[in-house]
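Chains, contacts and geometry: an overview
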Amino acid sequence: MDLKRRIPLLRWSVWRMATGARNISRTGQIGDGREAAAVDYVLNHARAGDIDDVLATIDRFAYEKSMLINVGDEKGQLLDAAVRRADPSVALELGTYVGYGALRIARAAPGAKVYSVELAEANAVNARRIWAHAGVADRVTCVVGTIGDGGRTLDALANEHGFGSGTIDLLFLDHDKDAYLDDLKSILDRGWLHPGSIAVADNVRVPGAPQYRGYMREQQGKTWNTTEHKTHLEYQSMVSDLVLESEYLG
Ligand SMILES: C[S@@+](CC[C@H](N)C(=O)[O-])C[C@H]1O[C@@H](n2cnc3c(N)ncnc32)[C@H](O)[C@@H]1O
């Protein structure tokens, strides 16, 4: 693997991300147009209808062009394994970005309907283009909103997409790290998880979701059974990260 892949600080697009941190929380994008550029790159370079090639092309863009905040190839394998374990009919992702994570879920669960909730309309537009190119637009849906928006998005999931008691087999939390726990609890309050549902949480160490991690530790063996996977932050091997995989015990 070349040095720039291993050592992120050698890459300008990684430095540019630091200045884009404020943009990300406000607009869901870094602020230099890299997300739209990633979509163009995929449409121009990846074989249409080939999920593997679309994912590999997004990874190549993130390594060689501009770093993206996808779950990425290394943590993505943990996600894939959790999805296969859950064997979902319905999966819900929180935080769509360019649609990479939802596409990984769709690949690992070819029979599943995948929903992804995203704060930023511009990200929804980008992700839908990528999903259409990969040929999964009929079973991957982006819902624009947030779980914490006073019930609007939760109601849309219920009324427009049929979410109800025990619907969610696989939940992937990869959005606002401070919202992981509240959003999980809102979903639990709706009764949408069932014993055996799996929740996967990215970035639990970096940027960090300490409340969520503390809750899962406190609930260990009671309502949740959690495995903490040690891994690395996306698209490099210098900074470590944690992915939590938690089975709901009911
Ligand atoms: C780390 S990226 C998601 C990456 C994606 N899961 C993947 O692996 O390809 C985080 C995304 O969450 C979105 N976001 C931030 N706060 C959110 C919230 N409260 N609800 C839904 N989406 C949110 C951001 O706009 C951004 O697109």
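Residues numbered from 1 in each chain as written. Predicted model: local features only at pLDDT ≥ 70, side-chain atom pairs only at ≥ 80, totals over all residues. Heavy atoms only, no water.

Taking an unreviewed UniProt entry as the reference, the protein is identified by name as SAM-dependent methyltransferase belonging to Mycobacterium gordonae.

Moving on to helix α9 (residues 180-189). The set of residues buried in α9 consists of Tyr180, Leu181, Asp183, Leu184 and Ile187. Buried residues of α9 fall within an arc of 165 degrees about the axis and therefore sit on the same side. The exposed set on the far side of α9, more than 90 degrees from its buried face, consists of Asp182 and Asp189. Against the buried residues of α9 lie β1 (90-94), α8 (152-161), β4 (168-173), β5 (193-201), α11 (210-218) and β6 (224-232). Just past α9, the residue Gly191 takes up positive phi, approximately 75 degrees. (Buried < 20%, exposed > 50% of the residue type's maximum accessible area, 1.4 Å probe, protein only. Helix = DSSP H or I, 4+ residues; strand = E, 2+ residues; numbered from the N terminus. Arc of directions from axis to C-beta. Contact = heavy atoms within 4.5 Å.)

The next point concerns the site of the ligand. The environment of the ligand is formed by 20 residues, the closest being Val71, Gly95, Gly101, Glu118 and Asp174. Here Val71 contributes a backbone N or O atom positioned 2.8 Å from an oxygen atom of the ligand. Within the backbone of Tyr97, a nitrogen or oxygen atom sits 3.3 Å from an oxygen atom of the ligand. Across the complex, the protein chains shield 93% of the 610 Å² of accessible surface that the ligand would expose by itself. When contributions to the shell around the ligand are tallied by element, the ones reaching two or more residues are α6 (100-108) and β2 (113-118). Here the shell around the ligand is built from residues that sort into seven nonpolar, nine polar and four charged. (Near = heavy atom within 4 Å. Polar contact = N/O pair within 3.5 Å; in protein donor to acceptor, adjacent residues only side chain to side chain. Areas by Shrake-Rupley, 256 points an atom, 1.4 Å probe, with all protein chains shown as cover. Nonpolar A, V, L, I, M, F, W, Y, C, P; charged D, E, K, R; others polar.)

Now for the packing of aromatic side chains. Each aromatic ring pair is characterised by the separation of its centres together with the angle its planes make. Across all of its chains, the model carries six aromatic pairs by this definition. On the basis of an interplanar angle of 85 degrees and a centroid distance of 5.6 Å, the ring pair of Tyr180 and Tyr212 is categorised as edge-to-face. Linking Tyr180 in helix α9 with Tyr212 in helix α11, this pair joins segments that are 32 residues apart in sequence. Taking the centre distance of 4.9 Å and the plane angle of 50 degrees together, the rings of Trp224 and Tyr248 count as tilted. One end of the pair, Trp224, is in strand β6; the other, Tyr248, is in strand β7 (residues 240-248), with 24 residues separating them in the sequence. Accessibility assignment for this pair places Trp224 and Tyr248 in one class, buried. Linked through ring pairs, Tyr115, Phe163 and Trp192 together constitute an aromatic cluster. (Phe/Tyr/Trp six-rings, centres within 6.5 Å; stacked < 30°, edge-to-face > 60°.)

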